[in-house]
Structures are given as C-alpha cells and as structure tokens.
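Chains, contacts and geometry: an overview
Read off the chains here:
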Amino acid sequence: LDYYQQANRVMEKTLGKTHPDTLMTIGNMAITYMEGLEDDAKAEEMLRLALDGYEKSLGKDHEYTRGCAFNLSLALRVQDRQDDLQKLLAAYPSI
C-alpha cells in the first residue's frame, strides 16, 4: 500500500489528478484496501474518487471507467449496499 501511495503522490504532481494513470493507481489502492486490508468502506471511497475522475477525463463509455464502476459494484455488494448498487447499475447497465 505504501508503494501505491507514494506512486500516487508522484503521479498527481507530474500527470495531474485526473490522468488515467493516476486514476489507475487510485483504483489499485482501492483493490488493496478491499482484498488485502478488508476495508471496504475505504475501497469504496477511493473507487468513487477514481470513477469520478474517469468520467470527467475519459467519459462513461470508456473501458477504464466501466472497469472502475465494476470494481465499485463489488465493493458495494460486499457491504450489502443494495440501494447504492442499484443506482450504479442503472448508470452503468453494461457492467
């Protein structure tokens, strides 16, 4: 996790907060929180941040955006957040 945090700081400085590579690092940190640290709430927070960035920089139909939305759906399922999951699935029916 420390590696991802350090990489994210460097990427934010050099590429910007909404660059796809920066957002990918945030998504990777989120997966680490979800799978390795079992902190689904923190994973959700980071995935929402990444998803917002992907939507702004690449659009809703880009594969990275949809992939991030899929990962967010997993985090919401694990937390049994059905209302939020349904809203996400309505916005991204292809995931």
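All of the points below concern the structure found in this document.

Rules and cut-offs
Residues numbered from 1 in each chain as written. Predicted model: local features only at pLDDT ≥ 70, side-chain atom pairs only at ≥ 80, totals over all residues. Heavy atoms only, no water. Helix = DSSP H or I, 4+ residues; strand = E, 2+ residues; numbered from the N terminus. Buried < 20%, exposed > 50% of the residue type's maximum accessible area, 1.4 Å probe, protein only. Axes fitted to C-alpha atoms, helices over the stretch in contact; angles between N-to-C directions. Parallel < 35°, antiparallel > 145°, perpendicular 65-115°, else oblique. Left-handed = near helix turned anticlockwise from the far one by under 90°. Contact = heavy atoms within 4.5 Å. Nonpolar A, V, L, I, M, F, W, Y, C, P; charged D, E, K, R; others polar.

1. Side note on the environment of Met 29
Inspection of the secondary structure assignment puts Met 29 in helix 2 (residues 20-36). For Met 29, a relative accessible area of 3% translates into the label buried. For the pair Met 29 and Tyr 4, spaced 25 residues apart in the sequence, the C-alpha separation amounts to 6.1 Å.

2. Quick look at the packing of helix 1 (residues 2-14) against helix 2
Two numbers describe a pair of packed helices, the interaxial angle and the distance between the axes. It is at 9 Å that the axes of helix 1 and helix 2 come closest, and there the two elements cross at 160°. Relative to helix 2, the element helix 1 is oriented roughly antiparallel. For the pair helix 1 and helix 2, the sense of crossing is left-handed. When helix 1 is examined against helix 2, the residues Tyr 4, Gln 5, Ala 7, Asn 8, Met 11 and Glu 12 are found in contact with a partner set consisting of Asp 21, Thr 22, Thr 25, Ile 26, Asn 28, Met 29, Thr 32 and Tyr 33.

3. Notes on the environment of Leu 47
Checked against the element boundaries, Leu 47 lands in helix 3 (residues 40-58). Spatially, the C-alpha atoms of Leu 47 and Met 24 are 9.8 Å apart, while their sequence positions differ by 23 residues. Setting aside residues no more than four positions away along its own chain, Leu 47 makes contact with Gly 27, Ala 30, Cys 68, Asn 71, Leu 72 and Ala 75.

4. Here's the deal with unusual backbone geometry
Residues other than glycine seldom take positive phi values, yet Glu 38 does so here, at roughly 55°. For Glu 38, the location among the structural elements is in the loop between helix 2 and helix 3. Accessibility expressed as a relative area gives 65% for Glu 38, which makes it exposed. Residue Asp 80 is not a glycine yet carries a positive backbone phi of 55°.

5. Some thoughts on the packing of helix 4 (residues 63-78) against helix 5 (residues 82-91)
At a minimum axis separation of 9 Å, helix 4 and helix 5 run at an interaxial angle of 160°. In terms of axis orientation, helix 4 runs roughly antiparallel to helix 5. Every pair of crossing elements has a handedness; the one defined by helix 4 and helix 5 is left-handed. In contact with Ala 69, Leu 72, Ser 73, Leu 76 and Arg 77 of helix 4, helix 5 contributes Asp 84, Leu 85, Leu 88 and Leu 89. A per-class count over the contact of helix 4 with helix 5 returns six nonpolar, one polar and two charged.

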